[in-house]
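For reference, the chains in residue letters:
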Amino acid sequence: CMEEQARAALALHLSRVWGIRTDPETVKSVVAEVTAVHVETLRKFTELGIYRPDGTKDTAALAKRVALAYGAKDLCTDCHGSGKASSVKTGKPVVCTKCWGTGLDISSVPLTETGRVTTDRDTLQESGDDHLEEFATTGQNEKWFSTYLPVLQLGTERPINAETNVLVATGRTSYRHPNLQNLPRKGRIRECFAARPGHVFGTIDYGGLELVTLAQVCLWWVGHSKLAEALNEGKDVHSLFGAMLLNVSFEEFEHRLHKQKDKQA
């Protein structure tokens, strides 16, 4: 209701005004670690041509390497291997839109919806090219370097006052500029945030809140709920769903999951 949304909006606004700080010593350590990996990434992949000398990514070179890894052999019939074509308007050389600068026939390689060579993490990891597979692992650290380090360093000087968005389509909240609600779980980014002197951070989590409330709504609206029955019996409903997918009993699934540490389970 509007009253609840207004209360949430006020609470989030106050938290934004108060802001959050980061610990200088922890930030200094994290910045050094992330920067060292970033520098080595630039050095290695500049030598391979994936990065330019100025530190920017050469997307055409990356796409060409992906295309070659996925078996592209023939030259592009439009640019004949140059990766360039004449602009219809100016007549000047521009990126060939048939091969997107690779100079290759890319019809048999993984493509995006817009017809470009796919260079996402999964494609790189499945390419069979050792360098591309390694490059796929660098994205996380580069994200930390470009997105999070500036924010962490800012928090050592003054509060980080992130813009809050009270209600999104999912019924939840979100943060903008910067996004503090989805900080990386891996790495040490979260370690950098510190409570003010004399204060502590606290967290409250309801186990299976969405599942429980959905089951209760089902009971109210239609009078019955298999989900409610399972929850009241103390069963792990995720395991129940997994058992359905594997077409085995709940007991067998639980045994495979917890006793046998079965990867499929």
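Each value, and the rule that gives it
Residues numbered from 1 in each chain as written. Predicted model: local features only at pLDDT ≥ 70, side-chain atom pairs only at ≥ 80, totals over all residues. Heavy atoms only, no water. Helix = DSSP H or I, 4+ residues; strand = E, 2+ residues; numbered from the N terminus. Rg over C-alpha atoms; globule rule 2.2 N^0.38 Å. Buried < 20%, exposed > 50% of the residue type's maximum accessible area, 1.4 Å probe, protein only. Contact = heavy atoms within 4.5 Å. Areas by Shrake-Rupley, 256 points an atom, 1.4 Å probe, with all protein chains shown as cover. Lys, Arg positive; Asp, Glu negative; His and termini not counted. Charge placed at Lys NZ, Arg CZ, Asp CG, Glu CD. Polar contact = N/O pair within 3.5 Å; in protein donor to acceptor, adjacent residues only side chain to side chain. Phe/Tyr/Trp six-rings, centres within 6.5 Å; stacked < 30°, edge-to-face > 60°. Lys NZ or Arg CZ within 6 Å of the ring centre and 35° of its normal.

### Describing the overall build of the chain
If you tally the helices and strands in the chain, you get 10 helices and six strands. Computed over its C-alpha atoms, the radius of gyration of the chain comes to 26 Å, more than 25% above the 18 Å expected for a compact globule of 265 residues. Each of the three principal axes of the chain carries a C-alpha extent, and together these read 70 × 55 × 45 Å. By the burial criterion, 26% of the 265 residues in the chain qualify as buried. In the chain, once contacts between residues fewer than 6 apart in sequence are set aside, the share between residues at least 24 apart is 52%. As presented, the chain carries roughly 17,900 Å² of accessible surface, and 55% of it is formed by carbon and sulfur atoms. On the chain, the mean spot of the 32 positive side-chain charges and the mean spot of the 33 negative ones are 5 Å from each other.

### What to know about the side chain of Ser127
Residue placement: Ser127 occurs in the loop between helix 4 (121-125) and helix 5 (130-136). At a separation of 2.8 Å, a polar atom in the side chain of Ser127 contacts the main-chain carbonyl oxygen of Leu124. Within polar-contact distance, the side chain of Ser127 engages the backbone nitrogen of Asp129 at 3.2 Å. Leave out the neighbours within four places in its chain, and Ser127 touches Ala69, Tyr70, Leu132 and Glu133.

### Looking at unusual backbone geometry
Residue Pro178 is bonded to the preceding His177 through a cis peptide linkage, with omega at -5°. With respect to the secondary-structure elements, Pro178 resides in the loop between strand 5 (174-176) and strand 6 (193-194). The backbone of His80 sits at a positive phi, close to 60°, despite the residue not being glycine. Tracing the backbone through its elements, the reader meets His80 in the loop between helix 3 (59-69) and strand 2 (84-86). In this structure His80 comes out as exposed when scored by relative accessible area, which is 60%. Positive phi is not limited to glycine here, since His177 has a value of about 55°. Relative to the helices and strands, His177 is located in the loop between strand 5 and strand 6.

### A short note on the packing of aromatic side chains
Scanning all chains against the criterion turns up two aromatic pairs. Measuring from ring centre to ring centre gives 6.0 Å for Tyr51 and Phe135, while their planes differ by 70°; the resulting arrangement is edge-to-face. Taken together, the residues span a long stretch of sequence, with Tyr51 in the loop between helix 2 (24-47) and helix 3 and Phe135 in helix 5 at a distance of 84 residues. In this structure, Tyr51 and Phe135 share a single accessibility class: buried. An aromatic cluster is present here, built from Phe45, Tyr51 and Phe135 joined pairwise through their rings. Taking NZ or CZ as reference, Arg116 lies 3.7 Å from the ring centre of Trp100, over its face. The ring of Trp18 carries the charged tip of Arg196 above its face, separated from the ring centre by 4.4 Å.

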